[in-house]
Amino acid sequence: MKLPILTISLIVTFIPFSLLSNTATSTPVYDIDGEPLTPGSGYYILPLIRGNGGGVKNYWNGSCPYFVAQANSEVDRGRPVQFYPVNPDEETIPLSTDLNIEFYDLITVCIQQYVWQLGDPVADSGLRYITAGGVLENPGDETVNRWFKIETHPDGDYKLVYCPTVCETSRPVCGDIGVLSQGGTRFLGLSDKPFRVFFARKLDD
Ligand SMILES: *[C@@H]1O[C@H](CO)[C@@H](O)[C@H](O)[C@H]1NC(C)=O
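What counts as what
- Residues numbered from 1 in each chain as written.
- Predicted model: local features only at pLDDT ≥ 70, side-chain atom pairs only at ≥ 80, totals over all residues.
- Heavy atoms only, no water.
- UniProt positions renumbered as here; feature names shortened; annotations may be inferred.
- Helix = DSSP H or I, 4+ residues; strand = E, 2+ residues; numbered from the N terminus.
- Buried < 20%, exposed > 50% of the residue type's maximum accessible area, 1.4 Å probe, protein only.
- Near = heavy atom within 4 Å.
- Polar contact = N/O pair within 3.5 Å; in protein donor to acceptor, adjacent residues only side chain to side chain.
- Areas by Shrake-Rupley, 256 points an atom, 1.4 Å probe, with all protein chains shown as cover.
- Nonpolar A, V, L, I, M, F, W, Y, C, P; charged D, E, K, R; others polar.
- Pairing = 2+ DSSP bridges.
- Salt bridge = Lys/Arg side-chain N within 4 Å of Asp/Glu carboxyl O.
- Contact = heavy atoms within 4.5 Å.

UniProt's Sequence similarities (unreviewed entry) comment on the chain is quoted here verbatim: "Belongs to the protease inhibitor I3 (leguminous Kunitz-type inhibitor) family."

Colleague: Break down the overall build of the chain for me, citing the residues and quoting the values.
Modeller: Each helix and strand counted, the chain has one helix and 12 strands in total. In the chain, the order of α-helices and β-strands from amino to carboxyl end is α-β-β-β-β-β-β-β-β-β-β-β-β. When burial is assessed residue by residue, the chain has 44% of its 205 residues classed as buried.

Colleague: Could you give an account of the site of the ligand, naming the residues involved and the relevant values?
Modeller: In the vicinity of the ligand, the contacting residues are Asn61, Phe67, Tyr129, Gln182 and Phe187. Asn61 is positioned such that a nitrogen or oxygen atom in its side chain is 2.4 Å from an oxygen atom of the ligand. Gln182 has a polar side-chain atom sitting 2.9 Å from a nitrogen atom of the ligand. Contact with the protein chains hides 48% of the accessible area of the ligand, taken as 360 Å² for the molecule alone. Each residue belonging to the shell around the ligand can be placed in one class, and the counts come to three nonpolar, two polar and no charged.

Colleague: Outline the pairing of strand 2 (residues 56-59), supporting the account with residue identities and numerical values.
Modeller: Relative to strand 3 (residues 66-70), strand 2 runs antiparallel, the two being bridged by four bridges. From the neighbouring strand, Asn58 faces strand 3, where its bridge partner is Val68. Remark: six residues form the turn of the hairpin made by strand 2 and strand 3, two consecutive strands paired antiparallel; Gly62 in that turn has positive phi of roughly 105 degrees.

Colleague: How would you sum up the pattern of salt bridges? Please name residues and give values.
Modeller: In the structure shown here, the tally under the stated rule is five salt bridges. Each of Asp155, Asp157 and Arg196 takes part in salt bridges that share partners, so that together they form one network.

Colleague: Before we move on, could you go through the environment of Ile111 and cite the residues and values that matter?
Modeller: Note on placement: Ile111 falls in the loop between strand 5 (99-103) and strand 6 (115-118). A sequence separation of 46 residues divides Ile111 from Pro65, and the C-alpha atoms of the two residues are 9.0 Å apart.

Colleague: Now, about unusual backbone geometry: what can you tell me, with residues and values included?
Modeller: In this structure, Pro65 follows Cys64 across a cis peptide bond, with omega equal to -5 degrees. Along the chain, the position of Pro65 falls in the loop between strand 2 and strand 3. Positive phi values are uncommon outside glycine, yet Ser96 reaches one of about 55 degrees. Summarising the element assignment, Ser96 is placed in the loop between strand 4 (81-85) and strand 5. Relative accessible area serves as the criterion here: at 36%, Ser96 is assigned to the partly exposed category.

Colleague: Can you break down the side chain of Gln117 residue by residue, with the values?
Modeller: One can find Gln117 in strand 6. The exposure class assigned to Gln117 is buried, which follows from its relative accessible area of 15%. Within the structure, Gln117 has its side chain in polar contact with the side chain of Arg146 (distance 2.8 Å). What Gln117 contacts, discounting residues up to four positions off in sequence, is Tyr129, Ile130, Thr131, Gly133, Gly134, Asn145, Arg146 and Phe148.

This is the structure:
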């Protein structure tokens, strides 16, 4: 008499697992050479549209933490970053998946601050800038502002978005990462206009 109930509960238990393993085989993000991005490798984040600034880098605006900004000069490739997907077993960087973004090789006077995080809305403008203000930590509501995703732009290239799914209780805002120009600096932050990018692997030195 007990057997059918056990069988049903086994089926119910297995369905979510099969869904989970499907997400593990999601589409990888590719670099400009057609190679999938891999966790821990260094990549330059470069603008798709030329003639309007260079790569993404850390920007010192007078105090810690660094801001994340686009270099003003088109020949400046910026500073490479490393991507760490929420699932540490991923061998490539999946599209549309929560990940941490960390500046590569950033030796900084700001102690333990090299992971990107979305700042709180600025008092007057309500704008939300990205800073390099965090460290790698486990997903959860307290680290919600450190989880970004790479998405395809409708035209086939990539954009960065802030829309974490790692958190169970909080429901953060979702939005594209774009350029917020201020006083001649091209800060990155939440914007209606996505910053269209491609990724170039840092060659080993
Ligand atoms: C950068 O610093 C200047 C001068 O302190 C300040 O006016 C400006 O708001 C800062 N920019 C950001 C994005 O915080």
